[in-house]
Amino acid sequence: MDAFLTSLFALFLAEIGDRPQILCAALAIRYGRVAPIIWGLGLATSLNCLISSLGGSAVNGWISEEPLRLFYALSLLFAGIGMVAWRRPVDLLDKWTLGPFWTSFLGLFILQFGDKGQFILAATAARTDAWAFAATGGWIGVMLACVPALILHEKLAELLPITVIRNTGGVLFLMIGALLALSAWGML
């Protein structure tokens, strides 16, 4: 259950105002249809969650407890840095002519691949050896963050203080990651 809840909350917070959420809103505005984009998002996210969780699970057997704790701490530190630092603008895939499902599936798969969410999921699965729970929690967290952007489009920014949420979440990830890193090094 630890892997499920940790992944759910971490990925939900990490995706607020992040590039996948922005791309989802832009695709919903562009295509005017939400259902195929939700399907594309769901499939892309599930594949990315499975890849990272299975990869993290494989690492679990190779590394002892302290380095796994440090791996998890680093995933949170990098996520925190990514949330408070400048980021490049989102490519809205204007030139893609694949239709709403394929554009959202391929665009979001590529966008999420190797992103902070995958790093957090891999570290969670490695730390807990519960890859299925980590993948499921991560998938739900991303979907909970991105589906409202599909439905509300540009109104989401009016309803939520996205910059405040991103900065607060980033600082929270940095603090928790630093504490876990110090603990893994035996300094706490």
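On a predicted model such as this, the values are computed, not experimentally measured, just so you know. (Residues numbered from 1 in each chain as written. Predicted model: local features only at pLDDT ≥ 70, side-chain atom pairs only at ≥ 80, totals over all residues. Heavy atoms only, no water.)

**Description of the pattern of salt bridges**
Quick reminder of the rule: By salt bridge we mean one thing: a side-chain nitrogen of Lys or Arg within 4 Å of a carboxyl oxygen of Asp or Glu. To sort residues, take the accessible area from a 1.4 Å probe on protein chains only and compare it with the maximum for the residue type: under 20% means buried, over 50% means exposed, and anything in between is partly exposed.
Counted by the stated rule, this structure contains four salt bridges. Across the salt bridge formed by Asp115 and Lys116, the nearest N and O atoms sit 4.0 Å from each other. Given the relative accessible area of 9%, Lys116 is considered buried.

**What about the side chain of Thr45?**
Using the following cut-off: Counting from the N terminus, the helices are DSSP H or I runs at least four residues long and the strands are E runs at least two residues long. Contact between two residues is taken to exist if any of their heavy atoms lie within 4.5 Å; hydrogens are not considered.
Checked against the element boundaries, Thr45 lands in helix α3 (residues 35-60). Once you skip the residues sitting within four places of it in the chain, Thr45 turns out to touch Gln112, Trp139 and Val142.

**Focus on the nonpolar core**
Definition in use: Among buried residues, those of type Ala, Val, Leu, Ile, Met, Phe, Trp, Tyr and Cys that are joined through side-chain atoms within 4.5 Å constitute a nonpolar core.
Leu23, Leu41 and Phe173 are the most contacted members of the largest nonpolar core, which has 34 residues in total. If we skip the residues at most four places from it in the chain, Leu41 touches Cys24, Ser104, Leu108, Gln112, Val142, Met143, Cys146, Val147 and Leu150. Counting residues in hydrophobic clusters, the runner-up holds five residues, among them Leu70, Ala73, Ala181 and Ala184.

**Things to note about the packing of aromatic side chains**
Here is the rule we go by: The rule is short: rings of Phe, Tyr and Trp, with Trp giving its six-membered ring, pair when the centres are within 6.5 Å, and they are stacked under 30 degrees, edge-to-face over 60, tilted in between. Placement of a positive charge over a ring is assigned whenever Lys NZ or Arg CZ falls within 6 Å of the ring centre and within 35 degrees of the normal to the ring plane.
Tallied over the entire structure, the rule returns seven aromatic pairs. On the numbers, 5.8 Å between centres and 25° between planes, the contact of Phe78 with Phe119 is stacked. Pair noted here: Phe78 is in helix α4 (residues 65-84) and Phe119 is in helix α6 (residues 116-128), with a separation of 41 residues, a long-range link. Judged by its relative accessible area of 49%, Phe78 falls in the partly exposed class. Assessed through its relative accessible area of 25%, Phe119 is described here as partly exposed. Between Trp102 and Phe105, the ring centres sit 5.8 Å apart and the planes meet at 80°, which makes this aromatic pair edge-to-face. Taken together, the positions of Trp102 and Phe105, both in helix α5 (residues 100-112) and three residues apart, correspond to about one turn of that helix. Accessibility expressed as a relative area gives 46% for Trp102, which makes it partly exposed. Cation over ring: Arg127 sits above Tyr72, and NZ or CZ is 4.3 Å from the ring centre.

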